[in-house]
Amino acid sequence: MRRRSGARGSVQVAGRSRAAFADRKGKRSRVAKPVTAAMLSSILPGTGEWYAGARRRAGLGWLVSFGLVGAVMIRLAGEPAVRLVVQPDAVVFLMAANGAMLLFRAGSAIDAYQVAVDALPARRAAQFRPAVTAVALVSLLGVTAAPHLVIAYYGLSALDFLTGVFVDEKADEVVAAAPPSAPASSTTSTTERAGSSSPAPIMGLPILELPEVSDPSIANPPKITPFTKRHDRITVLLIGGDAGPGRGGLRTDTMIVATMEPSTGKAALFSVPRNLGAVPLPRSFSKAFEGGVFDYRLNHIYGWAIDHPWYFPEAADPGAEALMQTIGGLLDLPIDYYALIDLGGFVDLIDALGGIDLYVPDPILDRTSPAHQDDPWTRIDLKVGYQHLSGAEALAYARSRSTSSDYSRMDRQRCLLGSLARQSDPIEIAMRIPSLVPVLDDVISTNIPLGHLPDLAETAAALNLADIISVRFIPPNYTSGYDNYGHPVPRVALIRDTVRRVLDGTFDQNGSFSPADLAAACG
């Protein structure tokens, strides 16, 4: 009996021990750990409060979280990503939402932590070490804040780029100043101008018989109305400025007119050689030269206008304004905007993008002058095939002509532009924004209004790069001989007729530089 009783007693004791252990285990399972609660609410606000037993707080946290997400989704609904990233108000909204979510997540984590601490039983509370868990809580808050701080940094970089490069005007207020009429004394020698060291107009060229401009507004364009999707066409002059060491100012060695039709997504590129001579000038400054034609090579107009700003008193950049008017008149195509990139900055841009991949159709062995002061000359030895080029190598590839010609160089420059367009992955570019912004701020100049940028970006993103018509106005087809200085003289009527036929869809690409030819040349 005693043994049995002892056995029963031992069983009872063992039973009580197991029950007590089970009870203690159950109580432990119901006690929320403060750091765990904070971690859960840092992931989804309200979850940590639920874990700590505060059901009403949890519901409020979830309600606010879904409300913030819903507000963001409503604001962004129907907006293509390409429009959002170029709208300052959208970027500011996303940054504000990002900041609000950071504060709410951090506040909810701290709240869940405190709720769990307050719910600790007396015995556990006596063993609680606030200093130790506080360190863990601070570390958790740092981890929570990190992605929000990165997003804020990218947002600030994007705003810096948008407001630093583009014209800060509202789309419904933007008008481009109409080119001024030439001053009454425009026929006076430029050396008579106070403070001018520029040479007087050269009078040695014969007066050319030029065809009439089919649209008189081209020679003296009207004010540009805001760009909307209702516009039939948007045209941008892409300018590559060669202002490196020892070149005595900026020369526009790359001039490409890009024109797009938003309603159809069709586009065309017109490349204008830098060495054209006797180019007819618009009325605004045609009287500065005998016969109304430019006496130097076309790539000197920019520098000439910078030295003669009185012809363009309302233009922020007289050189770009002069080029827009001149090339627009040559093509009989109104040019809305320009974008100028200095070739020295081109090196920095390519490097910031991590280099560029392109196909080299012909071997090139050459040395080109540096893009930056004190930089060494760049030697390139490129074999046929796909190559990965640094910024300096890409610039040397674009500028090399010792073994080719200006016109071959034009092809290579367009190949580079095409490769850049194909490799411009929005996600990768977004990841590189912090390194790109300082470069773009320094090397890009444009008159594109900030308010017009979303429409323009959306139009450009919708283009089919494989279906772009590309025409070069080069000898012998588009020139009629040479001026007294050996510069090819453009066949203005043929150039304008070609542009017209490209735009109305009747252009025969035989004998031109078609998309297929461009693809073959660029790989």
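Residues numbered from 1 in each chain as written. Predicted model: local features only at pLDDT ≥ 70, side-chain atom pairs only at ≥ 80, totals over all residues. Heavy atoms only, no water.

1. Some remarks on the overall build of the chain
Then comes step 1: Secondary structure summary: the chain contains 19 helices and 12 strands in total.
Then comes step 2: When each of the 523 residues of the chain is scored for burial, the buried share is 45%.
Then comes step 3: Of the contacts formed within the chain by residues at least 6 apart in sequence, a portion of 69% connects residues at least 24 apart.
Then comes step 4: Summed over all atoms, the accessible surface of the chain reaches about 26,100 Å², with 59% contributed by carbon and sulfur. (Helix = DSSP H or I, 4+ residues; strand = E, 2+ residues; numbered from the N terminus. Buried < 20%, exposed > 50% of the residue type's maximum accessible area, 1.4 Å probe, protein only. Contact = heavy atoms within 4.5 Å. Areas by Shrake-Rupley, 256 points an atom, 1.4 Å probe, with all protein chains shown as cover.)

2. Concerning the pattern of salt bridges
When charged atoms on two side chains of opposite charge get close, those side chains can pair.
Then comes step 1: As enumerated under the stated definition, the model contains nine salt bridges in all.
Then comes step 2: Salt-bridge contacts for E458 lead to R83; the nearest nitrogen and oxygen are separated by 2.9 Å. One end of the pair, E458, is in helix α17 (residues 453-461); the other, R83, is in helix α5 (residues 81-84), with 375 residues separating them in the sequence.
Then comes step 3: Taking the relative accessible area as the measure of exposure, R83 reaches 14% and is therefore buried. (Salt bridge = Lys/Arg side-chain N within 4 Å of Asp/Glu carboxyl O.)

3. So, helix α2 (residues 34-43)
Then comes step 1: Listed as buried for α2 are P34, A37, A38, S41 and S42. Buried residues along α2 cover an arc of 135° about the axis, so they all sit on one side.
Then comes step 2: Buried residues in α2 make contact with α3 (47-51), α6 (88-118) and α8 (130-165). (Arc of directions from axis to C-beta.)

4. Section: the side chain of H148
Then comes step 1: Relative to the assigned elements, H148 resides in helix α8.
Then comes step 2: Excluding residues within four positions of it along the chain, H148 makes contact with N98, M101, L102 and R105.

5. Points about the nonpolar core
Then comes step 1: The biggest cluster of nonpolar side chains holds 46 residues, and the ones touching the most others in it are F166, F346, Y397 and L416.
Then comes step 2: Ranked by size, the runner-up nonpolar core spans 41 residues in total, among them L276, F294, W304 and F473. (Core = buried A, V, L, I, M, F, W, Y, C linked by side-chain atoms within 4.5 Å.)

6. As for the packing of helix α11 (residues 318-331) against helix α18 (residues 492-504)
Then comes step 1: Following both chains from N to C, one finds α11 and α18 inclined at 85°, their axes separated by 7 Å at the closest point. When the axis of α11 is compared with that of α18, the two are roughly perpendicular. Facing α11, whose interface residues are G329, L330 and L331, α18 presents V492, I495, R496 and V499.
Then comes step 2: When its residues are assigned to classes, the contact of α11 with α18 shows five nonpolar, one polar and one charged. (Axes fitted to C-alpha atoms, helices over the stretch in contact; angles between N-to-C directions. Parallel < 35°, antiparallel > 145°, perpendicular 65-115°, else oblique. Nonpolar A, V, L, I, M, F, W, Y, C, P; charged D, E, K, R; others polar.)

7. Examining the environment of L63
Then comes step 1: Assignment of secondary structure puts L63 in helix α4 (residues 55-76).
Then comes step 2: On the basis of relative accessible area, L63 is assigned to the exposed category, the value being 61%.
Then comes step 3: Expressed as a C-alpha distance, the spacing of L63 and P45, which sit 18 residues apart in the sequence, is 9.2 Å.

8. Describing the pairing of strand β4 (residues 337-342)
Then comes step 1: Bridge analysis of strand β1 (residues 234-242) against β4 gives six bridges, and the strand direction is parallel. Counterpart to L238 in the pairing with β4 is A339.
Then comes step 2: Relative to strand β9 (residues 444-446), β4 runs antiparallel, the two sharing three bridges. Looking across to β9, one finds that A339 is bridged to T446. (Pairing = 2+ DSSP bridges.)

9. Observations regarding a nonpolar patch on the surface
Then comes step 1: Judged by side-chain polarity, M39, I43 and L44 come together as a nonpolar surface patch covering roughly 270 Å² of accessible area.
Then comes step 2: Relative to the elements of secondary structure, M39 occurs in helix α2. (Patch = residues over 30% accessible without salt bridge, like charges linked within 9 Å, V, L, I, M, F, W, Y side chains within 5 Å.)

10. Overview of the sheet that holds β1
Then comes step 1: In spatial order, the strands read β9-β4-β1-β2-β3-β10; together these six strands make up an open sheet with mixed pairing. This sheet does not close on itself; its edge strands, each paired only once, are β9 and β10 (469-472). Shown here is a sheet whose adjacent strand axes are inclined to one another by a mean of 20°, direction ignored.

It is worth stressing that arrangement in space is one thing and function is another; only the former is reported here.
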